[in-house]
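What follows is the residue order along each chain.
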Amino acid sequence: LEVSVLSQRLVGRHGVNPRLSLEVALRVRLIRTSDDAELYSMYPRYDGGCQKLTEWAANHGQSLRTELDHAYRELSERIAEKTSSGAGQGSLAMK
């Protein structure tokens, strides 16, 4: 299983202390090691809560770290569900 982080960023409008939301985008591929064939791929994305920049940065970025932990936990659960639900059923061979 190969997981790549395509982006991890705060997005929103420009300005003074704008409201920003966390966005995380991944690329997930299940690769057969015997011949490097890609058996399955997906591009899960997380769009999180919205806060002002100063709120994300407060307490040495604690709010951002907490949201990142939540994002990766949620994404991991989705990946595990998608990749394990098809095991042995042939659905992992579909892209």
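S.K.: Would you explain the side chain of Gln51 in this entry?
M.R.: Its location among the elements puts Gln51 in strand E4 (residues 45–52). Once residues lying within four places of it in the same chain are set aside, the contact partners of Gln51 are Pro18, Arg19, Leu20, Trp56 and Ser63.

S.K.: Mind showing me how you'd approach the pattern of salt bridges here?
M.R.: A side chain of one charge can pair with a side chain of the opposite charge when the charged atoms of the two come close. As enumerated under the stated definition, the model contains seven salt bridges in all. Across the salt bridge formed by Arg9 and Glu23, the nearest N and O atoms sit 2.8 Å from each other. Taken together, the positions of Arg9 in strand E1 (residues 2–12) and Glu23 in strand E2 (residues 19–32) put the pair 14 residues apart, joining distant regions of the chain. The shortest N-O distance in the salt bridge between Glu74 and Arg78 comes to 3.0 Å. Of this pair, Glu74 and Arg78 both sit in helix H1 (residues 53–85), separated by four residues, roughly a single helical turn. Taken together, the shared-partner salt bridges in this structure form one network comprising Arg9, Glu23, Arg45 and Asp47.

Rules behind the numbers
Residues numbered from 1 in each chain as written. Predicted model: local features only at pLDDT ≥ 70, side-chain atom pairs only at ≥ 80, totals over all residues. Heavy atoms only, no water. Helix = DSSP H or I, 4+ residues; strand = E, 2+ residues; numbered from the N terminus. Contact = heavy atoms within 4.5 Å. Salt bridge = Lys/Arg side-chain N within 4 Å of Asp/Glu carboxyl O.

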